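Single-letter residue listing:
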Amino acid sequence: MAIFGKKETLTLPAELPKHVGFIMDGNGRWAKKRGLPRPFGHKEGAKQFKKIVRYCKDIGLQNISFYAFSTENWQRPTDEINTIMELFREYIVDVRNFLSENTRMIFLGDKSAFDDDLQEKMIKLEEDTAHYTEMTLMMAVNYGGRSELAHAARILAQKAVNGEIKPEDINEQSIANELYTKGIPDVDLVIRPSGELRLSNYLIWQCAYAEYYFTDVLWPDFTPAELDKALIEFDRRNRRFGGV
Ligand code: IPE
Ligand code: IPE
Ligand code: MG
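Scope of this entry: the structure provided in the associated data block. (Residues numbered from 1 in each chain as written. Chains lettered and ligands numbered in written order. Predicted model: local features only at pLDDT ≥ 70, side-chain atom pairs only at ≥ 80, totals over all residues. Heavy atoms only, no water.)

Bringing the overall build of the chain into the picture now. For the chain, the count of helices and strands is seven helices and six strands. The order of α-helices and β-strands along the chain, N terminus first, is β-α-α-β-α-β-α-β-α-α-β-β-α. For 244 residues, the compact-globule estimate of 2.2 N^0.38 gives 18 Å, and the C-alpha radius of gyration of the chain, at 19 Å, lies within 12% of that figure. Dimensions of the chain, computed from the C-alpha atoms along their principal axes, are close to 70 × 50 × 35 Å. (Helix = DSSP H or I, 4+ residues; strand = E, 2+ residues; numbered from the N terminus. Rg over C-alpha atoms; globule rule 2.2 N^0.38 Å.)

Dropping the structure here:
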């Protein structure tokens, strides 16, 4: 009973961020450090992703999103892209085994770039889990923030052409309603491992007032204990949203 003693374990804050966005970066460097080809890093990163998702559910996070593949990542070598797509395919098949009950699943991004069967599976997963309320797990694949905004602009322009809305009806809410994250709270906390200090086109609209947590740890080494550190740091931040 060390009343004045320092606590040995980290205690999580009572209030957790409503939406945590993870930029899963550093897989390639993790492999390189071990003298392995980059795809090994992606395999290890995928394992870590599952661990972190389970942990998020255990601690009661309600909305979590993961940047898995950006619209810019198509520039990478074909074999690396193929490995990522294979992992993605495996994940979709396996997801029901590791997604605990009551988890809603949403894919953020343009699905049309994927094979037809994969698109169907993604849509089915979204439909089958749409009624779950305990946690929402978002996976950003073929996602780019600018592309998402351009997509929303096209939808709104078409509605205006159809006479469903007037240009003056377009406001922040109507734009938010055409994003892939419709109905999901804005990102409160962005976590980016691997030492890079940038957003790389991730949820640029939704992160307008997010807090950022950067760490040099590479994604395959990002453990639940690392997440605890980020949540504690988030709790210490003073968010003002433009006020005083
Ligand atoms: C993140 O890891 C995964 C994807 C972008 C698909 P990287 O592959 O970017 O790893 P680094 O940044 O090269 O180490
Ligand atoms: C961001 O990582 C994309 C994902 C994690 C999926 P990148 O590795 O693609 O970002 P940059 O190129 O370092 O900005
Ligand atoms: Mg990277």
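For the rest of this paragraph, the subject is the site of ligand 1. Taken together, 13 residues surround ligand 1, and among them Met-24, Asp-25, Arg-29, Arg-38 and Arg-76 come closest. In this structure, Asn-27 approaches ligand 1 through a main-chain N or O atom, which is 3.1 Å from an oxygen atom. Contact between ligand 1 and Arg-76: an oxygen atom at 2.6 Å from a side-chain N or O atom of the residue. For ligand 1, whose free accessible area comes to 380 Å², the fraction covered by protein is 87%. Listing elements by their share of the shell around ligand 1, those giving two or more residues are helix H1 (27–33), helix H2 (38–59) and helix H3 (78–98). (Near = heavy atom within 4 Å. Polar contact = N/O pair within 3.5 Å; in protein donor to acceptor, adjacent residues only side chain to side chain. Areas by Shrake-Rupley, 256 points an atom, 1.4 Å probe, with all protein chains shown as cover.)

Turning to the nonpolar core, a few remarks are in order. Among the nonpolar cores identified, the biggest contains 39 residues, and Phe-22, Ile-64, Phe-66 and Leu-227 are the most heavily contacted of them. When residues in this core are grouped by element, the largest group, seven residues, is from H3. Setting aside its immediate chain neighbours within four residues, Leu-227 contacts Phe-22, Ile-52, Tyr-55, Cys-56, Ile-59, Leu-61, Ile-191 and Phe-222. (Core = buried A, V, L, I, M, F, W, Y, C linked by side-chain atoms within 4.5 Å. Buried < 20%, exposed > 50% of the residue type's maximum accessible area, 1.4 Å probe, protein only. Contact = heavy atoms within 4.5 Å.)

Attention shifts here to the pairing of strand S1 (residues 19–23). The buried count for S1 comes to five of five residues, which makes it a mostly enclosed element. Of the two faces of S1, the one lined by His-19, Gly-21 and Ile-23 and the one lined by Val-20 and Phe-22 are each fully buried. The sheet contact formed by S1 and strand S5 (residues 189–192) spans three bridges and is parallel. When the sheet's bridge partners are listed, Phe-22 is paired in S5 with Ile-191. (Pairing = 2+ DSSP bridges.)

With that settled, consider the sheet that holds S1. Strands sit in the order S3-S4-S2-S1-S5-S6 across an open sheet of six strands; the sheet is parallel. Since the sheet does not close on itself, it has two edges, and those belong to strand S3 (103–108) and strand S6 (211–214), each with one partner. Averaged over neighbouring strand pairs, the angle between their axes works out to 20° when direction is ignored. Of the strand pairs in this sheet, S3 and strand S4 (residues 135–143) are connected by six bridges, and their pairing is parallel. Across the sheet, Met-105 pairs through a bridge with Leu-137, a residue of S4. Of the strands in this sheet, S3 and S4 touch helix H4 (residues 116–129), which is tilted by about 145° from S3. (Axes fitted to C-alpha atoms, helices over the stretch in contact; angles between N-to-C directions.)

One pass over the full model with this rule turns up 17 aromatic pairs. Ring centres 6.0 Å apart and planes at 80° place the aromatic pair Tyr-67 and Tyr-143 in the edge-to-face group. With a gap of 76 residues between them, Tyr-67 in strand S2 (residues 63–70) and Tyr-143 in strand S4 connect regions that are remote in the sequence. The residues Tyr-67 and Tyr-143 share a single accessibility class, namely buried. Centre to centre, the rings of Phe-88 and Phe-114 are 5.5 Å apart; their planes meet at 55°, and the pair counts as tilted. Within this pair, whereas Phe-88 is found in helix H3, its partner Phe-114 is found in the loop between S3 and H4, the two being separated by 26 residues in sequence. Of the two residues examined, Phe-88 and Phe-114, each falls in the buried class. Site record: aromatic cluster; members linked through ring pairs are Phe-22, Phe-49, Phe-66, Tyr-91, Trp-219 and Phe-222. (Phe/Tyr/Trp six-rings, centres within 6.5 Å; stacked < 30°, edge-to-face > 60°.)

The subject of this paragraph is the site of ligand 2. As a structural note, the neighbourhood of ligand 2 is formed by Ile-23, Met-24, Asp-25, Tyr-67, Ala-68, Phe-69, Asn-73, Arg-76, Arg-192, Arg-198 and Ser-200. One nitrogen or oxygen atom from the side chain of Ser-200 is found 2.6 Å from an oxygen atom belonging to ligand 2. When ligand 2 is considered free in solution it has 390 Å² of accessible area, and contact with the protein chains removes 79% of it. The element that contributes the greatest number of residues to the shell around ligand 2 is S2, accounting for three residues. Looking at side-chain class alone, the shell around ligand 2 contains five nonpolar, two polar and four charged residues. (Nonpolar A, V, L, I, M, F, W, Y, C, P; charged D, E, K, R; others polar.)

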